[in-house]
Amino acid sequence: MGRHEGAIVGKIFAILVTIITIISTAIFISRVWWLPPDISQLGAGIDHQMNETMVSSGVLFVLAQLVLAFFVWRFADNNDQRKIKIFPGGATPMVVVAIILVGAEILALTLVGSRVWASIYVTKSDPNSFTIDVQAEQFAYYFRYPGPDGKFGALHPDLIDESSGNYFGLDPANDTTARDDIVSASLVIPVNRPILLQLHAKDVSHAFYIPELRIQQDFVPGLVIPVHFTATRTAKSEIVCTQLCGLGHYNMRAYLEVMTDVDFKKWLNDQSAQ
Amino acid sequence: MTSPHSSHDAPRQSFLRKYVFSLDHKVIGLQYLDLSLVAVTTGMILSWLMRMHLGWPTKAIPGLGAVAPEATGGIITPEYYLSLMTMHGTIMVFFVLTTAPFAGLGNFILQLQIGAEDMAFPRFNMMSFWVTFVAFLVLLAAFFVPEGPPLSGWTAYAPLSAVGKDAGPGQGWGQTLWVISIAIFCIAQLLGSLNFIATTLDLRTKGMSLARMPFSTWAWFITSVIGLIAFSVLLPACILLLLDRVAGTSFFVPSGLVISDRLQPHAGGSPLLWQHLFWFFGHPEVYIAILPGFGIISHILPAVTRKPLLGPRVVIACMIAIAFLSYTVWGHHMFMSGMNPLSATVFSVPTLIITIPAAIMTLLWIGTLYGARMRFTTAALFCLGFISVFVSGGISGFFLAQPAIDSYLHGTYFVVGHFHFVMGVASMFGIFAGTYFWFPKMFGRMMNETLGKWHFILTFVGVYCIFMPMHYLGLAGNVRRYSAFTVDYMKGSVPLHRFITVAALFTGAVQLIFFYNLFRSRFRGQIAPTNPWEASSLEWTTSSPPPHDNFGGQHPVVYHGPNEYGVAGKDGDYIMQNSPESEPASESAA
Amino acid sequence: MNSLSLESRPEPARTGVWVGIAAISMSFAAYTSALIVRQGANPDWVHFRLPPILFLNTLVVLASSVTLYVAPVGRPRESQLAELPAVRARREINWLYVTLGLGLLFLLGQVIAWRDLSSQGFTLASSPSSSFFYLLTAAHGLHLLGGLGGLLYVAHRVARSSESQALRAYRAASLYWHFMAALWVYIFVLLAVRI
Ligand code: HEM
Ligand SMILES: [Cu+2]
Ligand SMILES: [Cu+2]
């Protein structure tokens, strides 16, 4: 029954697994494809966590694949009437190793990881944060700044009118706080100042993803979801949508501009002058 | 009990009863497999179209313009891309990965492995298949409705999926048919799961205690329990979604939505409710896809390594633990969804814990190889490939299970690479292993082993070339479900996308070897003996293919577990489960 | 080890019904959690008075369960299964028809409750509470209709022969029926508490 042919295929498989493991790992290590440089205060924690995971699970990956390849190479049936052998100690060492190795990894990752997570999402935002209202819609983002009065006007979905530029459904005629609200198509923020975004959606679910800030968050219609972060460098980068929202999903984006405080004040003044 | 009515010859039956509305579990199993073969071909063609578009978005795909009016001149529009993606995912998850390894292979083999004549409820079994078939037709019909096929992905998140035509192309009749199809599919799978459970509990032959059930039977049994619970939840969810769409209720649609300049006539619904219901089904669903694979691998490995599986009880315990845990982790799909961030930590812990039983099983499989006398049949190779791919996909799961890292990787190609490895490729390898292994039993003929090996080697390399680079893309922030990469920072990813496209077309072409082998062997293959692989379970005690009542009027009596390999039995280095001989000391103990 | 030998063969029909009960319970658990989440999600929940006829319907469905229970054909011991005289079985079947009648009466009552409610302006889409009201009653009604069909089928079989297979199917079907009554009580309480 073609045992010989089989034995060769076994060897080929072992070699392939080894090659695939080496190449895949080498590409990960080379960082040809990697996260863009981080520009946020909390990004370092995430990057640290990512590296930690990459190393520890990378080791597990390489070990498991290479042992698999080795066993396949070594234990073919060569018609030599060799007696089979049971793994020393039977199943127990496997169970123990799995529980200890994976368990330790889980423990470490959960402990460190949940602290990082908590620092981003669970802690309250800084009370001095600069608040910006963000609305997502098919297929654009709009950012609203409170204007000189520091207050946001109330939203009235029934007043939304794209053609007259009333994206948020403001009612400047009756609502004085709404009159000076500034609406922008890109997110402009001052550097080193805590920012609080309030995400809400006009139509369907969307998301907000800025790789440089290591931030991703869904917009859920009917909810206002807070996101807070601090950018640590002036930069210009892209905001893209990561929640399927319809045909224009791939094209739904905006720019993020992180400016010095001075530039930001100037920008804000220019905007309210308009 | 050997009453006269259980004669071995099939009673004379009409053509319809025998081949179409058959009550014989073997025919129904093959019907399921044939259906999933059609489905997987469809799904694969859709994935080619997607890949070609992603590699060369502006090039026309020859012939496409003629069959799909949505793709004018053969160029795929953004909405048509999303439709292809939605239909691809839905077809693959429901009509391939649920039907083939569970309803298909399970239906054919389970009764043979426990020594039963048929399912507990043959009529339900037949209905289950035909209802699945109807569900498939309803889904395909979505391709031909005026507003186009649905485009909200296989997850169909509300409100996009719930508000109807206003939300854009594909959200009219296409989405409605999608919901109806999935609801019908749920009913079919509930009937099927019920049948599997009752059959396994009640129709085991004499001596077939739970502890002596083959691993694959255990896996199908556990899968049917998961399926019973999961589809019992998806069905209500689909009904609620359908009502939101057609009856104007507001389960999932909140107030104040303005879509296509129209204030939607809904109020107060909760989009997150859909996500919770969907993922309460959705996560267990991935285990419905993969668990039969666990069972098949555990069943085949002893036969091809010629030694007992390491830790047989532990493997079963792990499968049960995974089944149980799979109901506690659904929130890991919702880390970024705006649910309470504390619950992210809560869901992250069981998600990481579930890797322990998975790791134990993997180590036990690898440990089984130690000291083996491995016979590299094609089925064996697919088992080995399964282990390799499962390791790769499992490890990328480590990243996604941590909310802090998922906040970067969620929604990127990293996820696509991950779930294709574990759920797509690993499950497919399980199906392939099972097919090469049991084909002789199904058709009484052997598959061609040389072609099988080519099929394996090329596929194995191909899937790594397709899905490993997706992890790199994800690390670089490349977003999934995009029909083109026009965003500045993603433009650089196009060459890698082209590489993946070429690999996907290549891997797809390789499947032609499998199709050729399948069809040729069905009619021209070498005649198969009763037990070609020298395996110990009951399906190998009856003729290939088995007679209408499976064991020719006999009721096999079982004396041994399924794991008696590497011992000196009367037929060789193994003992058949129904062999009355006593257990000799294991060879290795000497 | 080998408690499941052929001699004391378990009853697949009964197992099937138990498994079905598990599945149906699960889907009603899903409806229930959807109801709780939806009620908590927004302050637009409208409380209304349940149609009074529901109390009557509850009594009817409980009575149907009782009439099924007292029908002796439903409770023969394992040892009697084979010997139950066909004539007797046929006589006891009459109780079964009472059950079927009560089941239909219950469904009729539910329809009256619907009409009552819709005449007050509470329709499927008018408020989340009424959506759930129609949804839960309709889902239960459909399952109960299935139970009616099942009972009718086994009644037919038992009337023709008293072979033990038919009696077992009959016992399984009546188990399902009792579950339907219990499920209704659960739904009724849920609606009463929440709506
Ligand atoms: C021939 C091999 C396959 C190729 C080349 C392929 C390719 C793809 C591509 C390009 C996408 C769209 C990704 C995106 O834009 O986000 C996708 C999505 C998907 N595929 Fe596959 N696929 C293959 C096989 C499978 C199999 C076997 C399964 C079964 C699990 C599967 C399940 C899915 C699912 C669930 C999605 C997600 C759909 C959605 O986002 O709604 N695929 N696949
Ligand atoms: Cu989007
Ligand atoms: Cu999951």
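Residues numbered from 1 in each chain as written. Chains lettered and ligands numbered in written order. Predicted model: local features only at pLDDT ≥ 70, side-chain atom pairs only at ≥ 80, totals over all residues. Heavy atoms only, no water.

Q: Looking at this model, I keep getting lost on the side chain of His-497 of chain B. Mind explaining?
A: Residues and elements named next belong to chain B. Within the secondary structure layout, His-497 lies in helix H17 (residues 494-524). A distance of 3.1 Å separates polar atoms of two side chains, one belonging to His-497 and the other to Asn-478. Excluding its chain neighbours within four sequence positions, the residues that come into contact with His-497 are Arg-51, Leu-54, Tyr-413, Leu-473, Asn-478 and Phe-485. (Helix = DSSP H or I, 4+ residues; strand = E, 2+ residues; numbered from the N terminus. Polar contact = N/O pair within 3.5 Å; in protein donor to acceptor, adjacent residues only side chain to side chain. Contact = heavy atoms within 4.5 Å.)

Q: Looking at this model, I keep getting lost on helix H8 (residues 215-246) of chain B. Mind explaining?
A: At 3.6 residues per turn, the α-helix brings residues three or four places apart onto the same side. Along its 32 residues, H8 of chain B runs 45 Å from first to last C-alpha, staying within 8% of the 46 Å computed at 1.5 Å per residue. Gly-248 of chain B lies just past H8 of chain B and shows a positive phi near 75°. (Expected span 1.5 Å × (residues − 1).)

Q: Please clarify how empty space enclosed by the protein should be interpreted in this entry.
A: Empty space among the atoms becomes apparent when a probe as large as a water molecule is rolled across them. For the structure shown, the criterion picks out three cavities of 30 Å³ or more. Sorting the residues of the lining of the largest cavity by element identifies helix H3 (91-122) of chain A together with helix H11 (341-353) and helix H14 (403-409) of chain B as the ones contributing at least two each. Ranked by residue count, the leading element in the lining of the largest cavity is H3 of chain A, at five residues. By residue class, the composition of the lining of the largest cavity is five nonpolar, seven polar and no charged. (1 Å grid on protein atoms, 1.4 Å probe; cavity = no way out; pocket = protein on both sides within 12 Å on 5 of 7 lines; lining within 4 Å. Points joined across faces, edges and corners; volume = space filled by probe spheres on them. Nonpolar A, V, L, I, M, F, W, Y, C, P; charged D, E, K, R; others polar.)

Q: Looking at this structure, I do not really get the interface of chain B and chain C. What am I missing?
A: When the parts of a complex come together, some accessible area is lost, and that lost area is often taken as the interface size. Across the boundary between the two partners, chain B contributes 35 residues, which contact 31 residues of chain C. Looking only at chain B, the three residues that lose the most surface to chain C are Asp-202, Lys-206 and Phe-251 of chain B, adding up to 18% of its buried area. One can count zero salt bridges joining chain B with chain C. Taken together, the links from chain B to chain C amount to six residue pairs in polar contact (both at pLDDT 80 or more). Elements supplying a minimum of two residues to the side of chain B that touches chain C: helix H7 (173-202), H8 and helix H9 (271-305) of chain B. With eight residues, H8 of chain B is the single largest residue contributor to the side of chain B that touches chain C. A class-by-class count of the residues in the side of chain B that touches chain C yields 22 nonpolar, 10 polar and three charged. (Buried area = accessible area lost by both parts, 1.4 Å probe. Salt bridge = Lys/Arg side-chain N within 4 Å of Asp/Glu carboxyl O.)

Q: When you look at the site of ligand 1 in this model, what are you seeing that I'm missing?
A: All names here are of chain B. Close to ligand 1 lie 24 residues; His-88, Leu-97, Trp-154, His-420 and Arg-481 are nearest. Between Tyr-81 and ligand 1, the recorded distance is 2.9 Å, taken from a side-chain N or O atom to an oxygen atom. With respect to ligand 1, the backbone of Arg-481 contributes an N or O atom lying 2.6 Å from an oxygen atom. Going through the elements one at a time, helix H2 (25-55), helix H4 (78-96) and helix H15 (413-443) are the ones with two or more residues in the shell around ligand 1. Among the elements that make up the shell around ligand 1, the one with the highest residue count is H15 (seven residues). (Near = heavy atom within 4 Å.)

Q: Any chance you could explain the arrangement of the chains here in plain terms?
A: Once contacts are tallied for each of the two pairs of chains in contact, the highest total is for chains A and B. Nowhere do chain A and chain C come into contact; their C-alpha atoms are at least 9 Å apart.

Q: Would you mind going over the coordination of the iron atom of ligand 1 with me for this structure?
A: Residue and element names in this part refer to chain B. Protein coordination at the iron atom of ligand 1 comes from His-88 (NE2) and His-420 (NE2), with a distance range of 2.1 Å. Relative to the metal, the six donor atoms surrounding the iron atom of ligand 1 lie at angles of 82 to 180°, and the coordination shape comes out octahedral. Of this pair, His-88 sits in helix H4 while His-420 sits in helix H15; the two residues are 332 residues apart in sequence, bridging distant segments of the chain. Like His-88, the residue His-420 is buried in the burial classification. (Donors = N, O, S within 2.8 Å, 3.2 Å for Na, K, Ca; no water. Tetrahedral: all angles 85-135°; square planar, octahedral: opposite > 155°, others 65-115°. Buried < 20%, exposed > 50% of the residue type's maximum accessible area, 1.4 Å probe, protein only.)

Q: Teacher, can you tell me more about the sheet that holds strand S1 (residues 130-137) of chain A here?
A: Strands belonging to one sheet form pairs held by backbone hydrogen bonds; the direction of such a pair is parallel or antiparallel. Residue and element names in this part refer to chain A. Taken in spatial order, the five strands line up as S3-S2-S1-S5-S8 in an open sheet, and their pairing is mixed. Only two strands of the sheet have a single partner each, and these edge strands are strand S3 (182-184) and strand S8 (225-229). Averaged over all neighbouring strand pairs, the angle between strand axes comes to 25°, with direction disregarded. One ladder, built from five bridges, connects S1 with strand S2 (residues 140-145); its direction is antiparallel. Note on S2: the bridge partner recorded for Val-134 is Phe-143. (Pairing = 2+ DSSP bridges. Axes fitted to C-alpha atoms, helices over the stretch in contact; angles between N-to-C directions.)

Q: How should the domain arrangement of chain A be read in this particular structure?
A: All names here are of chain A. In terms of domain boundaries, chain A breaks down into domain 1 (3-79 + 86-121) and domain 2 (130-273). Look at where the C-alpha atoms of domain 1 and domain 2 centre, and you get two points 41 Å apart. Taken together, the contact between domain 1 and domain 2 spans 13 residues of the former and 14 residues of the latter. Summing the contributions of domain 1 and of domain 2, the shared interface buries around 1,200 Å²; its carbon and sulfur component is 54%. For the interface between domain 1 and domain 2, the tally reads one salt bridge. A salt bridge links Asp-47 to Arg-214, with the shortest nitrogen-to-oxygen separation between them at 2.7 Å. (Domains from an automatic or database assignment.)

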